[in-house]
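What the coordinates show
Read off the chains here:
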Amino acid sequence: MTLSATDVKVRYRSAGRVVDAVRGVSLQVDRGERVGLIGESGSGKSSLARALLGLEPLAGGVVQFDGQPMHGAPRALRRRFQPVFQDVGAALDPRQRIRDVLAEPFEIHGVRFDDETLEALLAQVQLSAELLERLPRELSVGQRQRVNLARALALEPELLLLDEPVSALDVSVQAQVINLLQELVRSRNLAFLVITHDLDVVAHLCERVLVMFEGQLVEAGPVAQILERPAHPYTQQLVGAR
Amino acid sequence: MKGLEVTGLRVELGPLSLVDDFSFSLGAGRVHAVVGESGSGKSLSALALLELLPEGATSSGVVTLDGQPHRGRAGLAMVLQEPLSALNPVISIGEQLRETLVARGETGDLRGRCVALLKEVGLDDAEARLGSFSHQLSGGQRQRVAIACALAAAPRVLIADEPTTALDASMRGVILALLRRLAKEREMGVWLITHDLHSVREASDELTVMYAGRVVERGPTAKVLGHPRHPYTVALLASSPRATTPGTRLPSIPGAVPLAREVISGCRFHPRCPRAVERCRVERPLLKDDVACLLESSP
């Protein structure tokens, strides 16, 4: 499995103004790799994330998953690369029971499943089977984030894109979700790309980090190297602020 | 005593106790941080003082400001998490500052006062910024302007509720340092509310840790962070990715923060506490020697 982006550009037009949100980014994530993408608000990291998923039209460049373009990719390809978005509340339909939330990916992709499949999925994210009949509002924020994760894992993807996976969680619950992510990655040889503004989360979870600033990647390398010898002024500021 | 003193503050919503026996002391020129997670009551206790509680909630307790019994908002000002929603998008920065000064009955060189306020909060090019609108500023600049608006009321106490949470990581330390400088220079107390225990190390003189509506520990910041005594403070400090070797398992706190409607007997932290014993389930720990833990107060 390889995700590759080559000279990706994203451009928005609003009120006669042109904004170049992503200005020529190239990157690669291979099987089992844990990569962090860090940048401040407005740096273009969320636009890049949507572009990687094939959800944002490109103004230039190409995104490929195992050599096939992500834009207009068939379902069979999409199921191998799943997103988990930041807004835990908004990502779940308030009227849908957890059972239906988890069943949806199987139904969409025409994959057979039964109660045991759903229960096993919940067990993977350390939730009990009782939650199947609950509504999202009956769950804590941490539990909802685990349900989101379980849904993304349903079709056994090879790569996850995690957009600020713990920033909406209470501090005492963050550690549980970080530990869970680590276990999942180890047990399934899953690759992930974590998008965050939190250097500590990247330092803990990732091997490699990409730093985005004003629409471009300004620095990339092993986490330890970036923490010890940040080269770009923005990275230096981030490391200094820890 | 110069400063703010809150004793035995309670906030209730019908039968629910949201803040239980909150006591808080803030000296002039000092920064006192109140740290807690969702539902800890850290924001509600400040909102109770400002008479801004959600509908139906009631409060009681004793408040003094500079030694005098205090009621209402006089002498208090607030800075919120999201400066973009705190500032009016359709009037200029200068006009917003002016409004506050006029409301206070100030006359004379109001423009000069506005420029001085913007300079005081470290906004570059203060003079030229008077005509700017909030959307033309960066997150950090907006928060500086929101702080300037709060200062325009010449408060004795500035309440800052998660003032850096909506900002980029690289700006957070800068804004916290600004608040600390303003506290000193103006002989003003800063009541800093945050969920981030690590961020207050450099930013505050005193620290109060709250859990599920109650104060669990308090003291000088360096002392509490250097030698935390309540198991909740200990666990919260240890569970940060910053405190652990990268790639290793984080020491996590089991379970979730309780909801206000959950009735928990004894110590409200006991279901999640690694040290809890039978007593903790029945007996409510009182704040004694600055810590509310049965195991800590009985050596």
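Residues numbered from 1 in each chain as written. Chains lettered and ligands numbered in written order. Predicted model: local features only at pLDDT ≥ 70, side-chain atom pairs only at ≥ 80, totals over all residues.

1. Looking at the overall build of chain A
When you go through chain A residue by residue, the secondary structure sums to 9 helices and 10 strands. Its C-alpha radius of gyration of 18 Å places chain A within 12% of the 18 Å reference for a compact globule of 242 residues. The dimensions of chain A, computed from C-alpha atoms along their principal axes, are 50 × 40 × 35 Å. Per-residue burial over chain A gives 44% buried out of 242 residues. By sequence separation, contacts in chain A at least 24 residues apart represent 65% of the contacts at least 6 residues apart. (Helix = DSSP H or I, 4+ residues; strand = E, 2+ residues; numbered from the N terminus. Rg over C-alpha atoms; globule rule 2.2 N^0.38 Å. Buried ≥ 20, exposed ≤ 12 C-beta atoms within 10 Å, placed from the backbone. Contact = placed C-beta atoms within 7 Å.)

2. Focus: the overall build of chain B
A count of helices and strands for chain B gives 11 helices and 10 strands. A compact globule built from 299 residues would reach a C-alpha radius of gyration of about 19 Å, and chain B, at 20 Å, matches this within 12%. C-alpha extents for chain B along the principal axes are approximately 65 × 50 × 35 Å. Every one of the 299 residues in chain B was classed for burial, and the buried ones make up 42%. Taking contacts inside chain B between residues at least 6 apart in sequence as the whole, the part at least 24 apart equals 63%.

3. So, the interface of chain A and chain B
Contacts between the two partners involve 23 residues from chain A and, on the opposite side, 23 residues from chain B. Among the secondary structure elements, those contributing two or more residues to the side of chain A that touches chain B are α6 (171-188), α7 (199-205) and α9 (233-240) of chain A. Considering every element that reaches the side of chain A that touches chain B, the biggest residue donor is α6 of chain A, with 7 residues. The residue makeup of the side of chain A that touches chain B, split by class, is 10 nonpolar, 9 polar and 4 charged. (Nonpolar A, V, L, I, M, F, W, Y, C, P; charged D, E, K, R; others polar.)

4. Things to note about helix α3 (residues 98-108) of chain A
Residue and element names in this part refer to chain A. Looking only at α3, the buried set comprises Ile 98, Val 101, Leu 102, Ala 103 and Pro 105. Elements that come into contact with the buried residues of α3 comprise α4 (115-124) and α5 (141-153). One or two residues past the end of α3 sits Gly 110, with phi positive at roughly 60°.

5. Quick notes on the environment of Ile 175 of chain B
Residues and elements named next belong to chain B. Along the chain, the position of Ile 175 falls in helix α7 (residues 169-186). Residue classification places Ile 175 among the buried residues on the basis of 23 C-beta atoms within 10 Å. C-alpha separation for the pair Ile 175 and Ile 147, spaced 28 residues apart in sequence, amounts to 9.6 Å.

6. Overview of the sheet that holds strand β8 (residues 191-196) of chain A
All names here are of chain A. In space, the 6 strands of this open sheet follow the order β6-β7-β8-β3-β9-β10, with mixed pairing throughout. Two strands lie at the open edges of the sheet, namely β6 (81-84) and β10 (216-222), each paired on one side alone. Geometrically, the sheet is characterised by an average inter-axis angle of 15° between neighbouring strands, direction not taken into account. Note: β6 against strand β7 (residues 159-163), 4 bridges, orientation parallel. (Pairing = 2+ DSSP bridges. Axes fitted to C-alpha atoms, helices over the stretch in contact; angles between N-to-C directions.)

7. Things to note about the pairing of strand β3 (residues 31-35) of chain B
Residues and elements named next belong to chain B. Summarising burial for β3: 5 of the 5 residues are buried, a large majority. Of the two faces of β3, the one carrying Val 31, Ala 33 and Val 35 and the one carrying His 32 and Val 34 are both buried. Here 5 bridges tie β3 to strand β8 (residues 189-194), and the two strands are oriented parallel to one another. In the sheet register, His 32 faces β8, and the bridge partner there is Trp 191. Here β3 runs beside strand β9 (residues 206-211); their pairing, made up of 4 bridges, is parallel. The residue of β9 that forms the bridge with His 32 is Glu 206.

8. A short note on the domain arrangement of chain B
Residue and element names in this part refer to chain B. Domain assignment breaks chain B into domain 1 (3-75 + 155-297) and domain 2 (85-154). A separation of 30 Å is found between the C-alpha centroids of domain 1 and domain 2. Taken together, the 10 residues of domain 1 in the interface contact 9 residues of domain 2. It is α7 that provides the largest number of residues to the side of domain 1 that touches domain 2, a total of 4 residues. The residue inventory of the side of domain 1 that touches domain 2, partitioned by class, reads 9 nonpolar, no polar and 1 charged. (Domains from an automatic or database assignment.)

9. Focus on helix α6 (residues 139-151) of chain B
Residue and element names in this part refer to chain B. Look at α6: 18 Å from first C-alpha to last across 13 residues, which is about the 18 Å you get at 1.5 Å a residue. Among the residues of α6, Gln 141, Arg 142, Gln 143, Arg 144, Val 145, Ala 146, Ile 147, Ala 148, Cys 149, Ala 150 and Leu 151 are the ones counted as buried. Residues of α6 that are buried in the fold lie against β6 (76-79), α2 (83-86), α3 (93-103), α4 (110-120), β7 (157-161) and α7. (Expected span 1.5 Å × (residues − 1).)

10. Thoughts on the nonpolar core
Judged by nonpolar contacts, the single largest core of 154 residues is most densely connected at Val 194 and Val 202 of chain A together with Ala 148, Trp 191 and Leu 192 of chain B. Summarising the domain contributions, this core has at least three residues from each of domain 1 (3-75 + 155-297) and domain 2 (85-154) of chain B. The residues touching Val 202 of chain A, leaving out its near neighbours within four places in the chain, are Gly 36, Ile 38, Val 194, Thr 196, Val 209 and Val 223 of chain A. (Core = buried A, V, L, I, M, F, W, Y, C linked by C-beta atoms within 7 Å.)

11. Details of the packing of α3 of chain B against α4 of chain B
Residues and elements named next belong to chain B. For the pair α3 and α4, interaxial distance at closest approach is 10 Å and the crossing angle is 110°. It follows from the interaxial angle that α3 and α4 lie roughly perpendicular. For the element pair α3 and α4, the recorded crossing hand is right-handed. Counted together, Gly 94, Leu 97, Arg 98 and Leu 101 of α3 and Leu 110, Arg 113, Cys 114 and Leu 117 of α4 form the full contact between these two elements. Split into classes, the residues belonging to the contact of α3 with α4 amount to 5 nonpolar, 1 polar and 2 charged. (Parallel < 35°, antiparallel > 145°, perpendicular 65-115°, else oblique. Left-handed = near helix turned anticlockwise from the far one by under 90°.)

12. What to know about the sheet that holds strand β4 (residues 57-65) of chain B
Residues and elements named next belong to chain B. Within the open sheet, the 4 strands sit side by side as β2-β1-β4-β5. Their pairing is antiparallel. Where the open sheet ends on each side, the last strands, each with one partner, are β2 (16-27) and β5 (68-69). Across 8 bridges, strand β1 (residues 3-13) lies against β2 in antiparallel orientation. Paired with Leu 4 across the strands is Leu 26, a residue of β2. In the packing of helix α1 (residues 42-49) onto the sheet, contacts are made with β1, β2 and β4, and the angle to β1 comes to roughly 105°.

13. Focus: the confidence of the model for chain A
Any region with low pLDDT has predicted coordinates that should not be read closely. Mean pLDDT over chain A: 91, with 99% of residues reaching 70 or higher. When the elements of chain A are averaged for pLDDT, α6 of chain A gives the smallest value, 86, and strand β4 (residues 60-65) of chain A the largest, 97. (pLDDT = per-residue confidence, 0-100.)

14. Focus: the confidence of the model for chain B
Summarising the model, chain B shows a mean pLDDT of 92, and 99% of its residues fall at 70 or more. Here the prediction assigns the complex a pTM of 0.86, and the interface score ipTM is 0.75.

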